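# Observations on the three-dimensional arrangement
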Amino acid sequence: MFGIPFEGRVNLRHGADQGPRELRLASDSIETYSPGLDRDLEDLAMADLGDCELGDGTPREQLTRARREVEAFWHPGLRPVMLGGDHTATVPVIEVLAPAIPDLRVLQLDAHPDLREEFLGERYNYASAMARVMDTVAPERVYQVGMRTGAREEYRRRAPHLYPAHAIHPVEAVRSLVPTLAAYPLYVTVDIDVLDPAEAPGTGSPEPCGLRAAELVEIVRLLEPCRIVGTDLVEVAHAWDPSARTGITASWILREALLTWWGK
């Protein structure tokens, strides 16, 4: 486990760079044991390596420093769990994993496609995160689920596996994809704004009509047959949630994911 406290150019709600810290603090509010799974995080061989040092510079320069840190500790067989950061933090992780895992697939759970070629004059930006992932992983290997907003240009891009929520419920979309995804190594990236703002108000770009936390946990458990080689959870911004329930909910979901996928 490690953090990438990155936040690039943001037009409105700042604070995602504090996400790794807030997730760690929030995790103190939940148990390590999952009654539903009868598994405990204390039984896993886990280490928290702290946060990557990003330094100053352009977004690409900061992300390159993060990539070099991940390259220094990761090798096939280790399962990286990245705490973001805005969604651009996924990019350096995929840049490390994809060359070493040629058949890698990526599943994105998110309210936004993140497919703009650039935003606010910057190509490495939270609104362009998956466009940059697709620079490394072929678009046909990226599966996008839960989208309920976005710019016209993102939908006209016609990504091969885009499953917007208005067309198919995210739970049903993932259920239909499991037989395909289970055949390949899979990386799962979770933007907390896939949840409804009533469940997770502490995020940079909340969107109405999202998933309930129980539905996201159902998706996590549907993915149990898959060979998941890494995951991340991004876009927690505590500044917009004085109740801290966003971080607690995110930590709870992350616990269920770790124990569902790797707790055996």
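Right, let's walk through the structure included here. (Residues numbered from 1 in each chain as written. Predicted model: local features only at pLDDT ≥ 70, side-chain atom pairs only at ≥ 80, totals over all residues. Heavy atoms only, no water.)

### Concerning the overall build of the protein chain
In plain terms, the rule: By the criteria applied, helices consist of DSSP H or I runs no shorter than four residues and strands consist of E runs no shorter than two, each listed in order from the N terminus. Based on C-alpha atoms, the radius of gyration is set beside the globule rule, defined as 2.2 Å times the residue count to the power 0.38. Using a 1.4 Å probe on the protein chains alone, a residue whose accessible area is under 20% of its type maximum counts as buried, one over 50% counts as exposed, and one in between counts as partly exposed. Should any heavy atoms of two residues lie within 4.5 Å, those residues are considered in contact. Using the Shrake-Rupley algorithm and a 1.4 Å probe, accessible areas are obtained, with residue cover drawn only from the displayed protein chains. Positive charges come from Lys and Arg alone, negative charges from Asp and Glu alone, with His and the N- and C-terminal ends not counted. For this purpose, a charge sits on NZ of Lys, CZ of Arg, CG of Asp or CD of Glu.
Helices and strands together make up the secondary structure of the protein chain, namely eight helices and nine strands. By the compact-globule yardstick of 18 Å for 264 residues, the protein chain fits well, its C-alpha radius of gyration being 17 Å. Seen along its three principal axes, the alpha-carbon backbone of the protein chain occupies a region of about 50 × 40 × 40 Å. When burial is assessed residue by residue, the protein chain has 57% of its 264 residues classed as buried. Once local pairs closer than 6 in sequence are excluded, the contacts in the protein chain between residues at least 24 apart make up 74%. Accessible surface computed for the protein chain: about 11100 Å², of which carbon and sulfur atoms make up 50%. If you average the places of the 27 positive and of the 41 negative side-chain charges in the protein chain, the two averages end up 5 Å apart.

### Some words on helix α2 (residues 59-73)
So the rule is basically this: Multiply 1.5 Å by the residue count of a helix minus one, and that product is the helix's expected span.
Its 15 residues place the ends of α2 22 Å apart at the C-alpha level, agreeing with the 21 Å of an ideal helix rising 1.5 Å per residue. Buried residues along α2 sit against β1 (2-4) and α3 (90-100).

### Considering the sheet that holds strand β4 (residues 81-84)
So the rule is basically this: Each pair of strands is called paired provided DSSP finds at least two bridges between the two strands. Axes, fitted as lines to C-alpha atoms, cover a helix only where it is in contact. Angles between the N-to-C directions of the axes lie from 0 to 180 degrees.
Read from one edge of the open sheet, seven strands run β1-β4-β9-β8-β5-β6-β7, paired in parallel fashion. A single partner strand is all that each edge strand has here, and the edge strands are β1 and β7 (162-163). As paired strands, β4 and strand β9 (residues 227-234) are joined by three bridges and run parallel to one another. Paired with Met82 across the strands is Asp232, a residue of β9. Its contacts with the sheet put helix α1 (residues 19-27) on β1, β4 and β9, and the angle it makes with β4 is roughly 110 degrees.

### So, empty space enclosed by the protein
Keep this limit in mind: Computed over the protein atoms alone on a 1 Å grid, cavities are sets of points where a 1.4 Å probe fits but cannot get out and pockets are open sets with protein on both sides within 12 Å along at least five of seven lines; a residue lines them when it has an atom within 4 Å of a point. Grid points are joined across faces, edges and corners, and a volume is the space filled by probe spheres set on the points.
Tallying each qualifying case throughout the model produces one cavity of 30 Å³ or more. Forming the boundary of the largest cavity are Leu109, Val188, Val190, Val220, Leu223, Thr231, Asp232, Leu233, Ile253, Leu254, Ala257 and Trp261. Residue assignment for the lining of the largest cavity shows that the elements contributing at least two residues are β8 (185-191), β9 and α8 (245-262). Sort the elements by how many residues they give to the lining of the largest cavity and α8 lands first, with four residues.

### Quick word on the side chain of Asp193
Let me state the cut-off plainly: Pairs of N or O atoms are called polar contacts if they sit within 3.5 Å, as long as, within protein, a hydrogen donor faces a hydrogen acceptor (for residues adjacent in sequence, only side-chain-to-side-chain pairs).
Within the secondary structure, Asp193 sits in the loop between β8 and α7 (213-222). There is a polar contact of 3.0 Å between the side chain of Asp193 and the backbone nitrogen of Ala111. Other than its neighbours up to four places away in sequence, Asp193 contacts Asp110, Ala111, His112, Arg148, Thr203 and Ser205.

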